[in-house]
Amino acid sequence: MSSYEDYTATSAHYDATRVPIGTEIILGCLARGPRPLSEQVLVDAGCGTGNYSRALLDHVAHIAAVDMNDAMLGVARAKMEEAEVAGRIGFHRAAIDCLPMDSISADAVMINQVLHHLPDDASKGYPLMRKVIGEFARVLRPGGVLVVNFCSHEQLRRGWWFFPLIEATAERMIERHAPLLELESMIVASGFDLCGRFVPTDAVMQGHSYYDPRGPLDATWRAGDSVWAMLSAAELEQVQKRVRDMDARGELENFVADHDAERVHVGQATFLCARRR
Ligand SMILES: C[S@@+](CC[C@H](N)C(=O)[O-])C[C@H]1O[C@@H](n2cnc3c(N)ncnc32)[C@H](O)[C@@H]1O
């Protein structure tokens, strides 16, 4: 379960804007796995509404889709009923630090935009993140591939036009993300060799709706990025007033363009690829 976002409520709106970016990168990583792609068992850790599972379903033999939130899992299941009946995907309500699968049973694990939801402690070196990565090491076969899709601090600072609107909250969000090098060293310490870092600089997580300058005024739009769940009601009200004021002055579109300019250089997400030793 996320430690700050109410995914039971969000499940109804998540797919209104959210798209699975970087699936071509994930496929490229999985292709380094111990078996041909079409024979692989893939774990989707924190599958949410199943967007990544659905994108990869036709490429692998089986997906074990795991999430702690019933409502998110329900949306995922509804999308892939036929595949579930055919045994090509299984849905599991479970925590990703205690996966419902045998040791050395999976060929690949992907975790897309989940690690920052753990109720972790940055000052103690993110012990829960370490535990989760250790769990991935347990279920993977030797040579099995781990793909971690997360945001670097630089991406969080420069990759969203609206983060400058919510600077204090953005800093709290940044703390939830382990620095890139620290995350890589956790992965290595858990028994993996790093294979590469990849950034889809042309992709945005909320698809075309990301560019909507009035998005912050709309609850459905805000459900597409959990950073909004970290704002108090008073903070949100302040941001919305600023958006309305800029709109009234005819400055809103320029604000988006100006603050989106660096995103094309840094992207919004980094994909780390590693192989189980
Ligand atoms: C931002 S969503 C990402 C969903 C999906 N991976 C995607 O990229 O579209 C985060 C998901 O992680 C799940 N989650 C958070 N912490 C979890 C945990 N400890 N165990 C299992 N699922 C967790 C939440 O319920 C939510 O569905």
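To start, this report covers the structure provided alongside it. In this text, all values refer to a predicted model and were calculated from it rather than measured experimentally.

Turning our attention to the overall build of the protein chain. On a plain count of helices and strands, the protein chain comes out with 14 helices and seven strands. In summary, the protein chain has a C-alpha radius of gyration of 19 Å against a globular reference of 19 Å for 277 residues, a match within 12%. By its C-alpha atoms, the protein chain is 60 × 40 × 30 Å across when sized along the principal axes. Looking at the protein chain alone, contacts between residues at least 24 apart form 76% of all its contacts between residues at least 6 apart.

Of all residues adjacent to the ligand, which total 21 residues, the nearest are G46, G48, M68, N69 and N112. Each residue belonging to the shell around the ligand can be placed in one class, and the counts come to ten nonpolar, nine polar and two charged.

What follows concerns the nonpolar core. Counting 71 residues, the largest nonpolar core has L42, V43, V109, M110, L146 and V147 as its most contacted members. Apart from the residues within four sequence positions on either side, M110 is in contact with I26, L42, D44, A45, Y52 and V147.

Our next topic: the sheet that holds strand β5 (residues 140-150). The mixed open sheet is built from seven strands, whose spatial order is β3-β2-β1-β4-β5-β7-β6. Each end of this open sheet is capped by a strand with a single partner; those strands are β3 (89-93) and β6 (192-198). Here the average twist between neighbouring strands, direction ignored, is 15 degrees. Bridge count for strand β2 (residues 62-67) against β3 is five bridges, and the pairing is parallel. Residue pairing in the sheet places V66 in a bridge with H92 of β3. Taken strand by strand, helix α3 (residues 23-30) contacts β1 (41-45), β4 (106-112), β5, β6 and β7 (270-276), and its axis lies near 165 degrees from that of β5. Packed onto the sheet, helix α5 (residues 70-79) meets β2 and β3 and runs at close to 170 degrees relative to β3.

Most of β1 is tucked away: five of the five residues are buried. Direction of pairing for β1 relative to β2: parallel, over a ladder of five bridges. Bridging across to β2, V41 finds its partner in H62. On the question of chirality, the crossover connecting β1 to the parallel β2 by way of helix α4 (residues 51-56) is right-handed.

Turning our eyes to something else, we now look at the environment of A71. Looking at the element boundaries, A71 is found in helix α5. Look at A71 and you get partly exposed, because 17 C-beta atoms sit within 10 Å. In contact with A71, not counting residues within four places along its chain, are Y7, T8 and S11.

L183, M186 and I187 are the residues of helix α10 (residues 180-189) that are buried. Viewed along the axis of α10, the buried residues span an arc of 100 degrees, placing them on a single side of the element. Exposed and oriented more than 90 degrees from the buried face of α10 are L181 and A189. At the exit of α10 stands G191, carrying a positive phi of roughly 105 degrees.

Turning our attention to the environment of V109. In this structure, V109 sits in strand β4. On the basis of neighbour counts, which here come to 30 C-beta atoms within 10 Å, the residue V109 falls in the buried class. Taking the C-alpha atoms as reference points, V109 and E253, separated by 144 residues in sequence, lie 40 Å from one another.

What counts, and where the lines are drawn
- Numbers given for residues are sequential positions, taken from 1 along each chain in its written order.
- Only residues with pLDDT of at least 70 are given local features in this predicted model, and only at 80 or more are side-chain atom pairs given and counted; all residues enter the totals for whole chains, interfaces and linings.
- For helices the rule is a DSSP run of H or I covering at least 4 residues; for strands it is a run of E covering at least 2, with both sets numbered from the N terminus onward.
- For this measure, only C-alpha atoms enter the radius of gyration; the expected value for a globule follows 2.2 Å times N^0.38, where N is the number of residues.
- Contact between two residues is assigned whenever their backbone-derived C-beta positions fall within 7 Å.
- We call a residue near a molecule or strand when its C-beta atom, built from the backbone, sits within 6 Å of it.
- Three categories are distinguished: nonpolar for Ala, Val, Leu, Ile, Met, Phe, Trp, Tyr, Cys and Pro, charged for Asp, Glu, Lys and Arg, and polar for the others, with Gly belonging to the last.
- Linking buried Ala, Val, Leu, Ile, Met, Phe, Trp, Tyr and Cys residues through C-beta atoms within 7 Å yields a set, and such a set is a nonpolar core.
- Exposure is read from a count of other C-beta atoms within 10 Å of each residue's own; the residue is exposed at 12 or fewer, buried at 20 or more and partly exposed in between. C-beta atoms are placed from the backbone.
- Two strands are said to pair when DSSP picks up at least two bridges between them.
- A fitted line through C-alpha atoms serves as each axis, taken over the contacting stretch for helices, and the angle formed by two N-to-C directions is quoted from 0 to 180°.
- Assignment of crossover handedness uses the view with strands pointing away from the viewer, where a clockwise path from the first strand over the helix to the second indicates a right-handed crossover.
- Along the arc lie the directions from the helix axis toward the C-beta atoms.

So, to be careful, I would describe these as geometric facts and stop short of saying anything about function.
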